[in-house]
Amino acid sequence: MSKLNTSSSEFDLDRPNIEDYLPSGTIQEPCGKLRLRDLLDISPTLTEAAGAIIDDSFTRCFKSNPPEPWNWNVYLFPLWCLGVVVRYGFLFPLRVLVLTLGWIVFLSCYFPVHTLLKGNEKLRKKLERGLVELICSFFVASWTGVIKYHGPRPSMRPKQVFVANHTSMIDFIVLEQMTAFAVIMQKHPGWVGLLQSTILDSLGCIWFHRSESKDREIVARKLREHVEGADNNPLLIFPEGTCVNNHYTVMFKKGAFELGCTVCPIAIKYNKIFVDAFWNSRKQSFTTHLLQLMTSWAVVCDVWYLEPQNLKPGETPIEFAERVRDIISVRAGLKKVPWDGYLKYSRPSPKHRERKQQSFAETVLLRLEEK
């Protein structure tokens, strides 16, 4: 008998609920009765999570989009093979030779200037700026860079800072060959770090470690000191704080916009007809990235020096940063997304999770009040 009762209860559990198959509105709910399923309804949260999975605009900001292959064709494939032979067998060795020649000329001039002219700071800085612009020009030549600059060339003035969208470390080289900027950049290892601590230090560049919280205070102090100097090189900042794939712009950090000085926007847009200039630092080293550029046909890029902007009355630094981001995004044809680029390197902060929890709690309280 107990077995029969057990099987009967299991049968009841497996029996489909007829209410699930009735049209909505045929079952009358008691007025004013609060059901647990209504209180714990998480469908809005699930909808938001599903939307984030389907339309993940954050991951797309840092994803390389390789061009579709075109060479799988009987009569185009031989031309593609010929192009590979030309790029790797002729252009690449020639570009290595050009870059090597550039380094020989640069180093043979830079170190004598840096050591022998220490008593004449003004002349030394002027010559060092010219030499840094020269070596950056050799770098651009090693990619067969086709760079078109629009607008007036930046000049040395106090109380101004230049901000630009960021796609790769070559952004700095592209801008530096026209004007010797002092840049704020993360400290890198290897040969790039060696150049940072020797040659680029002479320009007044400011380095930081992303993982060191104390570096933020030091960088903020150095920023204010630099913009006050009339003889300092123009200051260049990439306020996104990370490389984005030149289709989007992420949130600008407010540090450059609370210095109380004029902000000069620069928009950079790469044409991907020959190569994707986006540097995904998590998947390839900067050396590999340079080799990729040097084995392509050319790097095509447009640079716009836009109208200087100042903080408006009643405008906060965050609003100022968003306004400048709008200007750069429109000029370069980039899509704005409401993401913090530092999420690429770290997990969301506890404050962000608390805001989500607070939002869900407010939704539940609202339903309780309605009932």
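Residues numbered from 1 in each chain as written. Predicted model: local features only at pLDDT ≥ 70, side-chain atom pairs only at ≥ 80, totals over all residues. Heavy atoms only, no water.

(A) How the structure looks around the packing of aromatic side chains. Using the criterion set out here, one finds eleven aromatic pairs in the structure. Pairing Phe-106 with Tyr-110 gives two aromatic rings, centres 5.2 Å apart and planes at 20°, and the pair type is stacked. In this pair, Phe-106 and Tyr-110 are both assigned in helix H5 (residues 77-116), four residues apart and thus about one turn of the helix distant. What makes Phe-106 buried here is its relative accessible area of 1%. (Phe/Tyr/Trp six-rings, centres within 6.5 Å; stacked < 30°, edge-to-face > 60°. Helix = DSSP H or I, 4+ residues; strand = E, 2+ residues; numbered from the N terminus. Buried < 20%, exposed > 50% of the residue type's maximum accessible area, 1.4 Å probe, protein only.)

(B) Structural detail: the packing of H5 against helix H10 (residues 286-294). Contact geometry of H5 with H10 gives a least axis separation of 10 Å together with a crossing angle of 120°. Classified by the interaxial angle, the pair formed by H5 and H10 is oblique. Residue-level inspection shows Phe-92, Arg-95, Val-96 and Leu-99 of H5 in contact with H10, the latter providing Leu-291, Leu-293 and Met-294. Residue composition of the contact of H5 with H10, by class: six nonpolar, no polar and one charged. (Axes fitted to C-alpha atoms, helices over the stretch in contact; angles between N-to-C directions. Parallel < 35°, antiparallel > 145°, perpendicular 65-115°, else oblique. Contact = heavy atoms within 4.5 Å. Nonpolar A, V, L, I, M, F, W, Y, C, P; charged D, E, K, R; others polar.)

(C) Representation of the nonpolar core in the model. Counting 51 residues, the largest nonpolar core has Trp-143, Leu-175, Leu-236 and Ile-266 as its most contacted members. With seven residues, the single largest contributor to this core is helix H6 (residues 121-142). Here Leu-236 is in contact with Phe-162, Ala-164, Leu-175, Phe-181, Ala-182, Val-183, Ile-184 and Ile-266, once residues within four sequence places are set aside. If you look at the next biggest cluster of nonpolar residues, it comprises 26 residues, including Ala-182, Leu-235, Trp-304 and Phe-320. (Core = buried A, V, L, I, M, F, W, Y, C linked by side-chain atoms within 4.5 Å.)

(D) Spotlight on the UniProt feature "transmembrane region" (unreviewed entry) in the protein chain. In the UniProt entry, the feature "transmembrane region" (unreviewed entry) is given for residues 72-90, 97-117 and 129-149. Note that residues 97-117 is 95% helix and 0% strand, and that its end C-alpha atoms are spaced 30 Å apart. Helix makes up 67% of residues 129-149 and strand 24%, whereas the separation of the span's terminal C-alpha atoms amounts to 19 Å. (UniProt positions renumbered as here; feature names shortened; annotations may be inferred.)

(E) Representation of the packing of H5 against H6 within the structure. Interaxial distance between H5 and H6 falls to 9 Å at its minimum, and their mutual angle equals 170°. It follows from the interaxial angle that H5 and H6 lie roughly antiparallel. Facing H5, whose interface residues are Arg-95, Val-98, Leu-99, Gly-102, Trp-103, Val-105, Phe-106, Cys-109, Tyr-110, Val-113 and His-114, H6 presents Arg-124, Leu-127, Glu-128, Leu-131, Val-132, Leu-134, Ile-135, Phe-138, Phe-139, Ala-141 and Ser-142. Looking at the contact of H5 with H6 residue by residue, the classes come out as 16 nonpolar, three polar and three charged.

(F) Geometry of the sheet that holds strand S2 (residues 160-164). In space, the seven strands of this open sheet follow the order S1-S8-S7-S2-S5-S3-S4, with mixed pairing throughout. At either end of the open sheet lies a strand with only one pairing partner, and these are strand S1 (145-150) and strand S4 (206-208). Across the sheet, the mean angle from the axis of one strand to that of its neighbour is 20°, orientation sign disregarded. (Pairing = 2+ DSSP bridges.)

(G) The arrangement of unusual backbone geometry in detail. Here Thr-144, not a glycine, exhibits a phi torsion of approximately 50°, which is positive. The residue Thr-144 is located in the loop between H6 and S1 in this model. In this structure, Asn-246 is a non-glycine residue whose phi angle is positive, near 70°. Of note, Asn-246 is situated in the loop between strand S5 (235-237) and strand S6 (248-249). On the basis of relative accessible area, Asn-246 is assigned to the buried category, the value being 2%.

(H) Seen up close, H5. With 40 residues, H5 should cover 58 Å at 1.5 Å per step; its first-to-last C-alpha distance of 57 Å lies within 8% of that length. Along its length, H5 reaches its greatest deviation from straightness, about 35°, at Leu-91, and the proline Pro-93 lies no more than four positions downstream. Burial in H5 covers these residues: Gly-83, Arg-87, Leu-91, Arg-95, Leu-99, Gly-102, Phe-106, Tyr-110 and Val-113. Residues of H5 that are buried in the fold lie against H6 and H10. (Expected span 1.5 Å × (residues − 1). Bend = angle between axes of the 7 residues up to and from the residue.)

(I) A nonpolar patch on the surface, seen in detail. Where nonpolar side chains cluster on the molecular surface, the patch consists of Phe-90, Leu-94 and Leu-97 and spans about 330 Å² of accessible area. Relative to the assigned elements, Leu-94 resides in helix H5. Leu-94 sits in the partly exposed class, given a relative accessible area of 41%. (Patch = residues over 30% accessible without salt bridge, like charges linked within 9 Å, V, L, I, M, F, W, Y side chains within 5 Å. Areas by Shrake-Rupley, 256 points an atom, 1.4 Å probe, with all protein chains shown as cover. Salt bridge = Lys/Arg side-chain N within 4 Å of Asp/Glu carboxyl O.)

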